[in-house]
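# Understanding the architecture of this molecule
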Amino acid sequence: RITEVALPRIHNFNHQGITNTLWAYATLKHSSPLLFNKFAEAALLHIHKFNSQDIANIVWAFATLHHSSPRLFNRIAQVTQHRLHEFEPQGISNTAWAFATLCHPSPPLFGKIAESALSRLHDFNSQAIANTIWAFATLDCPSPELFHGVAEIALPRLDKFNSREISNTAWAYASAGHPSHQAFDKIGDISVRQIQEFNSQEIAKTAWACATVGHPSSKPFDTITEVALPRLLEFSCRDITNMLWAYAVSNFPSNVEFGCNSTVVNIVISRFDNFDNRHLGQLHQWNLWCRERLGRNMLPLDLSDHCLKSFIQNKNVTSELQRDVARVLVEMGLAVKEEALLETGYTVDLLVSMHDKKIAVEVNGPSHYFGRSRTKTGSTLLKYRQISALDGLTIVSVPYWEWDKISAKGKNERKQHEIIYLKNLLERENRN
């Protein structure tokens with residue numbers, strides 16, 4: 001009824017009326033797309049009358065009801081980046097959260113948010129910290145300085161984070177490629193103590209994050225096994241596949257109790273039609289892990305084949321770096337097969353034949369490593385391990401920074417050093 005009355009009178013609302021109405025609808029979780037579209041148009045006319053709290057409440061309302069308004073958010077981003085000094089920490093956090101929730105990237109705004117947040121991190125509460133870094137990770141907006149600053153500030157306060165904040169913080173650091181070993185040590189300890197308070201999504205997020213960063217302790221996984229097995233029906237398809245992928249990556253001996261449990265297998269089979277291609281790809285890697293640990297697939301043959309086909313479809317794009325390495329190997333007179341498909345379903349960048357032996361060469365760009373570090377991601381480590389164990393291939397990697405160093409040399413000197421580098425790399429592995 002309010003919507004019917006308000007629609008013809010939108011032009012009568014002042015800036016405060018617009019803000020309060022949007023906030024009320026979002027607080028009550030009452031979606032009204034037509035009304036929100038009209039208010040978005042009206043808000044654009046009043047954009048310079050809104051104070052910082054108004055702006056934060058408006059974007060929060062649109063995001064809470066998952067109502068996208070690109071024109072409004074673009075304008076708010078332009079205005080807000082110059083006024084962040086007026087925002088309270090919660091307002092900064094809510095703004096970042098709203099843009100991320102609606103998948104509306106704004107690099108200039110987020111650059112300013114990072115600067116503003118860094119200078120006031122001590123004033124951010126646990127929710128504001130977790131939501132802010134979650135937003136940066138969700139929009140794939142790199143800010144190493146912010147993540148480093150948050151690690152220093154949040155580490156002594158992690159005991160005060162609730163389960164949602166802990167899991168979002170863990171997920172954000174893993175997704176952003178910014179592993180903080182001290183933070184994950186503490187996250188692991190807290191999750192062990194507080195795991196009963198975690199819901200299914202929070203459990204899956206935490207397990208996925210610990211595996212992605214290569215957390216060395218099995219304790220979180222052991223505790224998760226105890227709690228998750230009786231609650232498996234609560235887990236969504238995404239949560240189940242993230243969990244199984246995490247157990248496969250971390251590969252602790254105790255993981256078999258959960259990862260290869262008949263109850264888990266039966267739930268996967270019963271929900272099989274609900275998994276999308278990404279889920280099926282993760283299930284394939286889990287199935288391979290069961291073969292690693294137990295010598296057999298856990299899924300029936302037809303479902304295993306379906307997972308394999310989905311996994312094969314998830315191809316990476318060939319990089320210029322890979323083509324460059326392939327060119328040099330061919331010039332060395334070696335037989336090279338690019339994008340070679342293996343029995344496991346994995347594709348290796350280059351399969352090189354040398355002295356009657358096949359060697360897999362992986363040309364690793366930045367996406368294979370965490371942020372600016374030289375630590376391989378969980379996905380890369382899982383691939384290497386499973387190819388070695390199940391395809392029986394030796395794998396050598398060409399890290400991008402080593403190849404870039406050679407590429408920086410002069411043309412004639414570069415060619416000579418490329419050949420020497422690859423020859424030494426391959427012969428060392430051949431001897432091993």
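Here is what the cut-offs are and how they apply
Residues numbered from 1 in each chain as written. Predicted model: local features only at pLDDT ≥ 70, side-chain atom pairs only at ≥ 80, totals over all residues. Heavy atoms only, no water. Helix = DSSP H or I, 4+ residues; strand = E, 2+ residues; numbered from the N terminus. Buried < 20%, exposed > 50% of the residue type's maximum accessible area, 1.4 Å probe, protein only. Contact = heavy atoms within 4.5 Å. Areas by Shrake-Rupley, 256 points an atom, 1.4 Å probe, with all protein chains shown as cover. Lys, Arg positive; Asp, Glu negative; His and termini not counted. Charge placed at Lys NZ, Arg CZ, Asp CG, Glu CD. Pairing = 2+ DSSP bridges. Axes fitted to C-alpha atoms, helices over the stretch in contact; angles between N-to-C directions. Core = buried A, V, L, I, M, F, W, Y, C linked by side-chain atoms within 4.5 Å. Phe/Tyr/Trp six-rings, centres within 6.5 Å; stacked < 30°, edge-to-face > 60°. Parallel < 35°, antiparallel > 145°, perpendicular 65-115°, else oblique. Left-handed = near helix turned anticlockwise from the far one by under 90°. Nonpolar A, V, L, I, M, F, W, Y, C, P; charged D, E, K, R; others polar. Salt bridge = Lys/Arg side-chain N within 4 Å of Asp/Glu carboxyl O. Expected span 1.5 Å × (residues − 1).

The helix and strand tally for the chain stands at 22 helices and four strands. If one aligns the C-alpha atoms of the chain with their principal axes, the spans along those axes are about 80 × 60 × 45 Å. Expressed as a percentage of the 432 residues in the chain, the buried residues total 56%. For the chain, the proportion of contacts with a sequence separation of at least 24, taken over those separated by at least 6, is 72%. For the chain, the exposed area adds up to about 20200 Å²; of that, 51% sits on carbon and sulfur atoms. The average position of the 44 basic charges and that of the 42 acidic charges among the side chains of the chain differ by 3 Å.

Moving on: the pairing of strand S1 (residues 335-341). Where S1 meets strand S2 (residues 347-354), six bridges bridge the pair, whose relative direction is antiparallel. In the sheet register, Leu341 faces S2, and the bridge partner there is Thr347.

This paragraph deals with the sheet that holds strand S4 (residues 394-399). Spatial strand order, S1-S2-S3-S4: four strands in an open sheet with mixed pairing. Strands with a single pairing partner mark the edges of an open sheet, and in this sheet they are S1 and S4. This sheet shows a mean twist of 30° between the axes of neighbouring strands, independent of strand direction. Across five bridges, the pairing between S2 and strand S3 (residues 357-364) is antiparallel. If you follow Met354 over to S3, its bridge partner there is Lys357. Its contacts with the sheet put helix H19 (residues 320-331) on S1, S2, S3 and S4, and the angle it makes with S2 is roughly 10°.

This part covers the side chain of Arg83. Mapped onto the secondary structure, Arg83 falls in the loop between helix H5 (70-80) and helix H6 (89-101). In contact with Arg83, not counting residues within four places along its chain, are Ile47, Phe50, Asn51, Ser52 and Ile55.

Turning our eyes to something else, we now look at the nonpolar core. Grouped together as the largest cluster of nonpolar side chains are 130 residues, with contacts concentrated most on Phe62, Phe99, Phe110, Met243, Val268, Leu283 and Trp286. It is helix H14 (residues 237-250) that provides the largest number of residues to this core, a total of nine residues. Other than its neighbours up to four places away in sequence, Leu283 contacts Thr241, Leu244, Val268, Phe272, Phe275 and Cys307. By size, the runner-up hydrophobic cluster in this structure holds 23 residues, among which are Ala326, Leu350, Val396 and Ile406.

Turning our attention to unusual backbone geometry. Phi angles above zero are rare outside glycine, and His66 is one such case at about 50°. Along the chain, the position of His66 falls in the loop between helix H4 (52-64) and H5. For His66, a relative accessible area of 59% corresponds to the exposed category. Here Asn251, not a glycine, exhibits a phi torsion of approximately 60°, which is positive. Position of Asn251 among the secondary structure elements: in the loop between H14 and helix H15 (256-259).

For the rest of this paragraph, the subject is the packing of aromatic side chains. How two aromatic rings sit relative to each other is given by the distance of their centres and the angle of their planes. Applying the stated rule across the entire model yields 17 aromatic pairs. An angle of 85° between the planes, with centres 5.2 Å apart, marks the rings of Phe221 and Tyr247 as edge-to-face. Here Tyr247 lies in helix H14 and Phe221 lies in helix H13 (residues 219-228), a separation of 26 residues in the sequence. A residue is classified by how much of its surface remains accessible, and Tyr247, at 0% relative accessible area, is buried. For the pair Tyr369 and Trp401, a centre-to-centre distance of 4.9 Å together with 65° between the ring planes defines the contact as edge-to-face.

What follows concerns the packing of helix H8 (residues 126-138) against helix H9 (residues 144-154). Contact geometry of H8 with H9 gives a least axis separation of 11 Å together with a crossing angle of 155°. Relative to H9, H8 is oriented roughly antiparallel. For the pair H8 and H9, the sense of crossing is left-handed. Note on element contacts: H9 touches H8 through Leu146, Phe147, Val150 and Ala154, opposite Ile129, Thr132, Ile133, Phe136 and Ala137. Of the residues in the contact of H8 with H9, the class split is eight nonpolar, one polar and no charged.

Running from N to C, helix H7 (residues 107-119) and H9 point in directions that differ by 25°, and their axes come no closer than 9 Å. As the angle between them shows, H7 and H9 are arranged roughly parallel. When you trace H7 past H9, the crossing you get is left-handed. Residues Ala114, Ala117 and Leu118 of H7 form the contact with H9, whose participating residues are Glu145, Leu146 and Gly149. Along the lines of polarity and charge, the residues of the contact of H7 with H9 split into four nonpolar, one polar and one charged.

Turning our eyes to something else, we now look at the pattern of salt bridges. Per the stated rule, a full pass over the model turns up 13 salt bridges. Put simply, Glu320 and Arg323 hold a salt bridge, and the shortest N to O gap is 3.3 Å. In this pair, Glu320 and Arg323 are both assigned in helix H19, three residues apart and thus about one turn of the helix distant. Arg327 is the salt-bridge partner of Asp324, the closest N and O atoms lying 2.6 Å from each other. With Asp324 and Arg327 both in helix H19, this residue pair falls three residues apart, about one helical turn. Residue class for Asp324 comes out buried when judged on its relative accessible area of 16%.

Attention now goes to helix H12 (residues 200-212). Spanning 13 residues, H12 covers 18 Å between terminal C-alpha atoms, matching the ideal 18 Å at 1.5 Å per step. A large share of H12 lies buried, amounting to 12 of its 13 residues. All buried positions along H12 are accounted for by Ser200, Glu202, Ile203, Ala204, Lys205, Thr206, Ala207, Trp208, Ala209, Cys210, Ala211 and Thr212. Immediately downstream of H12, the backbone of Gly214 shows phi near 70°, a positive value.

As far as function goes, none of this settles anything; it's purely spatial.
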